[in-house]
Amino acid sequence: MGEERLDIALPAGADPQRHARLLRRVHEAALTGGRPPVPPRPVIEDSWERVRRYGIDPDSGRPGPSLRGEQVDQERGDNPLEEVLPLVGSALLGAREEAGHVMLVTDPRGYILWRDGARDMRRLADSAGLVEGAAWDEGSTGTNAIGTALVVERPVQVYSAEHYVRGLHRLTCACAPVRDPRDGRVIGAIDVTGPAATAHASTLALVNAVAQLAESHLRGRHDANLERLRAVAAPLLAGMAGPALVVDENGWTAAAAGTEPVRRVLLPRRVGASTAWIPSLGECRMEPLPGGWLVRPGRGEAAPASQVVLDLRGPELSVSGPSGSWAHRLTARHAEVLFVLARRREGCSAAELSQALFGAPDRLVTVRAEVSRLRRRLGGLLESRPYRFSEHVDVRVRGADDPCALPASQAPEIRAARAEAAERGAAPSRQ
């Protein structure tokens, strides 16, 4: 692997305050057409030229679009960086209240999805518009580490008057894009921003190292998910006649039988039936597996619905389909989530699921994290927007009226089901 190019803002041995004054003279000359005392760094000069074409006002910027709260929630749930957020936070904010910066994680367009840091640093970020949902691409905010790093697709540090908008000259920021290790696609960026006086040349190296750590963690998670999928698929493929592929929920191939394996198949954005047309394979029968799909090319006839049994007494989820069956042991929390979704086949939002599990609609972070883990394990069985079981599975629940099932659960939905069973005079189910 080649060494990563780092666009560090502070020259070796430079005094930050003196360098900031020099940069203000360079910035002023660029705006007035004068002769700068020194040329700006190439990455900054190129960015300023792009920003001028966007028509950004250097005094006030341009009010950019922003994501509403529910849109931020949706983007977080869809972004793989949600999986590595604790890792990133511990690396950049180990001593949270002592950290002289805020940590920001964005989507690939430059929208801020997560922010954390000490209270005084969060106030600084608020005053600069560095808030969750805000757009920090170059076309909205001018030259800045987030927007510029996403354009050039490499780590960038922007210091003081290198920001095109004057109101940002009091800041220093360092940002590194994060790539999906499976295909190299940029999926977001990690940034640290603080007062210009705290600028240090090593900050960008730290942020870049954390971004690479996040990529490595995502690669390991992907490999582990495929290995789990292979273990489940092996007995199914062993006795199967005809070609078949086992792929994860994003189409990456875990195993194949009777056909040449391909690295990835292009799945529809939403598999809404038991068949799907897939490029290079044609019409295929689709059966859900834990963490993915069994794809059977050339068998376009609709498969019978898979039978899903949620047994709260294990708790365990078992699935039976035309090609075989499998079971997955559940944590108590995951059993609660699936019980709610089994009772509400039309689906529910994160806030509604939070209300059903905790009696309050504001436990959104916990709900999103739990459903994200479940969807990684159960693949095509669960869908989002709203959260729900797939339309092409039949779901039955066992043990909902058994007081020995999930004995420690205080989830309102579980308690309501027990109350309903008591009102019906149902005896505890021991089947």
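All of these numbers come straight from a predicted model, not from anything done at the bench.

### Observations regarding the UniProt feature "domain: GAF" (unreviewed entry) in the chain
Then comes step 1: Residues given the UniProt feature "domain: GAF" (unreviewed entry) here are residues 111-216.
Then comes step 2: Helix makes up 35% of residues 111-216 and strand 27%. Its end C-alpha atoms lie 23 Å apart.

### Looking at empty space enclosed by the protein
Rolled over the atoms, a probe as big as a water molecule pinpoints where empty space is left.
Then comes step 1: In this structure the tally under the stated criterion is two cavities of 30 Å³ or more.
Then comes step 2: Of the volumes computed, that of the second largest cavity is approximately 40 Å³.
Then comes step 3: Lining the second largest cavity are L130, W136, N144, I146, H163, L171, C173, D191 and T193.
Then comes step 4: Listed by contribution, the elements that provide at least two residues to the lining of the second largest cavity are β4 (171-179) and β5 (186-195).

### Focus on the packing of aromatic side chains
Then comes step 1: One pass over the full model with this rule turns up zero aromatic pairs.
Then comes step 2: It is R363 that lies over the ring of F358; its NZ or CZ is 4.1 Å from the centre.

### Considerations on the environment of A199
Then comes step 1: Structurally, the position occupied by A199 is in the loop between β5 and α8 (202-238).
Then comes step 2: Distance from A199 to G139, taken between C-alpha atoms, is 25 Å for residues 60 residues apart in sequence.
Then comes step 3: Among residues more than four places away in sequence, those in contact with A199 are L10, Y159 and T172.

### With respect to the side chain of H222
Then comes step 1: Structurally, H222 is set in helix α8.
Then comes step 2: When residues no more than four places from it in sequence are discounted, the contact partners of H222 are R182, D248 and W252.

### A closer look at the pairing of β5
Within a regular beta strand, the side chains point alternately toward one face of the sheet and then the other, so they alternate between its two faces.
Then comes step 1: The element β5 is largely enclosed, with a buried count of nine among its 10 residues.
Then comes step 2: Bridge analysis of β4 against β5 gives nine bridges, and the strand direction is antiparallel. By the bridge assignment, P177 is partnered in β5 with A189.
Then comes step 3: Where β4 folds back on β5, the antiparallel hairpin that results is connected by six residues, among which G184 adopts a positive phi of roughly 80°.

### Remarks on the sheet that holds β5
Then comes step 1: As summarised here, the arrangement of the five strands in space is β2-β1-β5-β4-β3, forming an open sheet in which the pairing is antiparallel. Two strands lie at the open edges of the sheet, namely β2 (112-117) and β3 (156-159), each paired on one side alone. When strand polarity is set aside, the average angle formed by the axes of neighbouring strands in this sheet is 15°.

### A closer look at the pattern of salt bridges
Then comes step 1: Per the counting criterion, the structure on display carries 28 salt bridges.
Then comes step 2: A salt bridge links E227 to R230, with the nearest nitrogen and oxygen atoms 3.0 Å apart. Placement of both E227 and R230 in helix α8 is noted, with a separation of three residues, approximately one turn of the helix.
Then comes step 3: Among the charged side chains, a network of salt bridges with common partners joins D73, R76, E82, E132 and R368.

### Some words on the nonpolar core
Then comes step 1: Counting 47 residues, the largest nonpolar core has L237, V246, L317, L338 and L353 as its most contacted members.
Then comes step 2: Among the elements that line this core, the one with the most residues is helix α9 (residues 332-343), at seven residues.
Then comes step 3: For L237, the residues in contact, after removing those within four places along its chain, are A244, V246, A255, A256, A257 and L294.
Then comes step 4: V26, V102, A125 and A128 belong to the second-largest nonpolar core, a separate cluster that totals 31 residues.

### What to know about helix α2 (residues 42-54)
Helical geometry note: an α-helix holds 3.6 residues per turn, so side chains three or four residues apart project in the same direction.
Then comes step 1: An ideal rise of 1.5 Å per residue puts 18 Å on 13 residues; α2 measures up with 19 Å between its terminal C-alpha atoms.
Then comes step 2: Along α2, the positions that sit buried rather than exposed are V43, I44, S47, W48, R50 and V51. Buried residues of α2, viewed axially, fall in a sector of 165°; they line one side. Exposed side of α2, more than 90 degrees from the buried face: P42 and R53 are the residues found there.
Then comes step 3: The inward-facing, buried residues of α2 contact α1 (16-32), α6 (138-141), α7 (145-152) and β3.

### Overview of the pairing of β4
Then comes step 1: With eight of nine residues buried, β4 is to be regarded as a mostly interior element.
Then comes step 2: In this structure, β3 lies alongside β4, joined through four bridges in antiparallel fashion. The residue bridging V156 from the neighbouring strand is C175, located in β4.

### So, the sheet that holds strand β9 (residues 282-289)
Picture the strands of a sheet paired through backbone hydrogen bonds; they go either parallel or antiparallel.
Then comes step 1: Pairing in this open sheet of five strands is antiparallel, and the strands run β7-β6-β10-β9-β8 from one edge to the other. Each of the sheet's edge strands pairs with one partner strand only, and the pair in question is β7 (253-257) and β8 (275-278). On average, each strand axis in the sheet is tilted by 30° relative to the strand beside it, whichever way the strands run.
Then comes step 2: Examined bridge by bridge, strand β6 (residues 244-248) and β7 share four bridges and lie antiparallel to one another. Note that in β7 the partner of A244 across the bridge is A257.

### Looking at the environment of S354
Then comes step 1: The topology assignment puts S354 in helix α10 (residues 350-358).
Then comes step 2: A sequence separation of 17 residues divides S354 from V337, and the C-alpha atoms of the two residues are 9.4 Å apart.

Conventions and cut-offs
Residues numbered from 1 in each chain as written. Predicted model: local features only at pLDDT ≥ 70, side-chain atom pairs only at ≥ 80, totals over all residues. Heavy atoms only, no water. UniProt positions renumbered as here; feature names shortened; annotations may be inferred. Helix = DSSP H or I, 4+ residues; strand = E, 2+ residues; numbered from the N terminus. 1 Å grid on protein atoms, 1.4 Å probe; cavity = no way out; pocket = protein on both sides within 12 Å on 5 of 7 lines; lining within 4 Å. Points joined across faces, edges and corners; volume = space filled by probe spheres on them. Phe/Tyr/Trp six-rings, centres within 6.5 Å; stacked < 30°, edge-to-face > 60°. Lys NZ or Arg CZ within 6 Å of the ring centre and 35° of its normal. Contact = heavy atoms within 4.5 Å. Buried < 20%, exposed > 50% of the residue type's maximum accessible area, 1.4 Å probe, protein only. Pairing = 2+ DSSP bridges. Axes fitted to C-alpha atoms, helices over the stretch in contact; angles between N-to-C directions. Salt bridge = Lys/Arg side-chain N within 4 Å of Asp/Glu carboxyl O. Core = buried A, V, L, I, M, F, W, Y, C linked by side-chain atoms within 4.5 Å. Expected span 1.5 Å × (residues − 1). Arc of directions from axis to C-beta.

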